[in-house]
Amino acid sequence: MRIRTIKPEFWESDDITSLGLEDRLLFIGLLSYVDDLGRGRDEDHLVIGALFSRDMCANPRDTLARVPGGHTHLLAAGPVGRYAGEDRRYRWVTGRGEHQKIDRPGKSRYPGP
């Protein structure tokens, strides 16, 4: 997980305000989950463990439904993409540059889309 700063315009942007509240929270969490180039492994259990571990303990059924459902909404809206490489699936936060600034991005551990 990384420390991220979100631009104030995030809360007024059309692509974000068109999402439901839970999907916005998932998107913000994904900004911390992915690396500096917006890449991360596309495995729901890793995202749930990193972002929603307490929710998983308190209410596993709802949490297991929310994350894949939210990711489906984010894929349809466009700020998140999916791709495959090196026998794995990856998530790519395509809208990260619009909503945050990374001054000195590090190298990615994952192949690009």
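Description of the structure in this document.

Rules behind the numbers
Residues numbered from 1 in each chain as written. Predicted model: local features only at pLDDT ≥ 70, side-chain atom pairs only at ≥ 80, totals over all residues. Heavy atoms only, no water. 1 Å grid on protein atoms, 1.4 Å probe; cavity = no way out; pocket = protein on both sides within 12 Å on 5 of 7 lines; lining within 4 Å. Points joined across faces, edges and corners; volume = space filled by probe spheres on them. Helix = DSSP H or I, 4+ residues; strand = E, 2+ residues; numbered from the N terminus. Nonpolar A, V, L, I, M, F, W, Y, C, P; charged D, E, K, R; others polar. Expected span 1.5 Å × (residues − 1). Buried < 20%, exposed > 50% of the residue type's maximum accessible area, 1.4 Å probe, protein only. Arc of directions from axis to C-beta. Contact = heavy atoms within 4.5 Å. Polar contact = N/O pair within 3.5 Å; in protein donor to acceptor, adjacent residues only side chain to side chain. Phe/Tyr/Trp six-rings, centres within 6.5 Å; stacked < 30°, edge-to-face > 60°.

1. Comments concerning the layout of surface pockets
Logical step 1: If you add up the space inside the largest pocket, you get close to 190 Å³.
Logical step 2: Lining the largest pocket we find E22, D23, L25, L26, F52, D55, T63, R66, V67 and G70.
Logical step 3: Those elements that provide at least two residues to the lining of the largest pocket are helix 2 (21-33) and helix 5 (60-77).
Logical step 4: Residues that form the lining of the largest pocket fall into these classes: four nonpolar, two polar and four charged.

2. A short note on helix 5
Logical step 1: Under the 1.5 Å per step criterion, the end-to-end length of helix 5 is 26 Å for 18 residues, consistent within 8% with the ideal 26 Å.
Logical step 2: Inspection of helix 5 places T63, V67, G70, H71 and L74 among the buried residues, and these make up the whole buried set. Around the axis of helix 5, the buried residues are gathered within 100° of arc, so they sit on the same side. For helix 5, the exposed residues set more than 90 degrees away from the buried face come down to R61, A65 and A76.
Logical step 3: Looking at the packing, one finds that the buried side of helix 5 touches helix 2, helix 3 (44-51), helix 4 (53-58), strand 2 (80-85) and strand 3 (88-93).
Logical step 4: A positive backbone phi angle near 110° is found at G78, which sits one or two residues after helix 5.

3. Thoughts on the side chain of D36
Logical step 1: As for its position among the elements, D36 is in the loop between helix 2 and strand 1 (39-41).
Logical step 2: Take D36: its relative accessible area is 18%, and that puts it in the buried class.
Logical step 3: Reaching out from D36, the side chain makes a polar contact with the side chain of R4 at a distance of 2.9 Å.
Logical step 4: Side-chain polar atoms of D36 contact the backbone nitrogen of G106, separated by 2.8 Å.

4. Let's talk about the packing of aromatic side chains
Logical step 1: A full pass over the atoms with the stated rule returns four aromatic pairs.
Logical step 2: Ring centres of F10 and W11 lie 4.7 Å apart, and the angle between their planes is 85°; this geometry places the pair in the edge-to-face category.
Logical step 3: The buried category is assigned to F10, whose relative accessible area is 1%.
Logical step 4: Ring geometry for Y90 against Y110: centres 5.5 Å apart, planes inclined by 50°, an arrangement best described as tilted. Of this pair, Y90 sits in strand 3 while Y110 sits in the segment after helix 6 (96-99), and the two are 20 residues apart along the sequence. Each member of the pair Y90 and Y110 is classed as buried.
Logical step 5: Three or more aromatic residues link up through ring pairs in this structure, and these residues are F10, W11 and F27.

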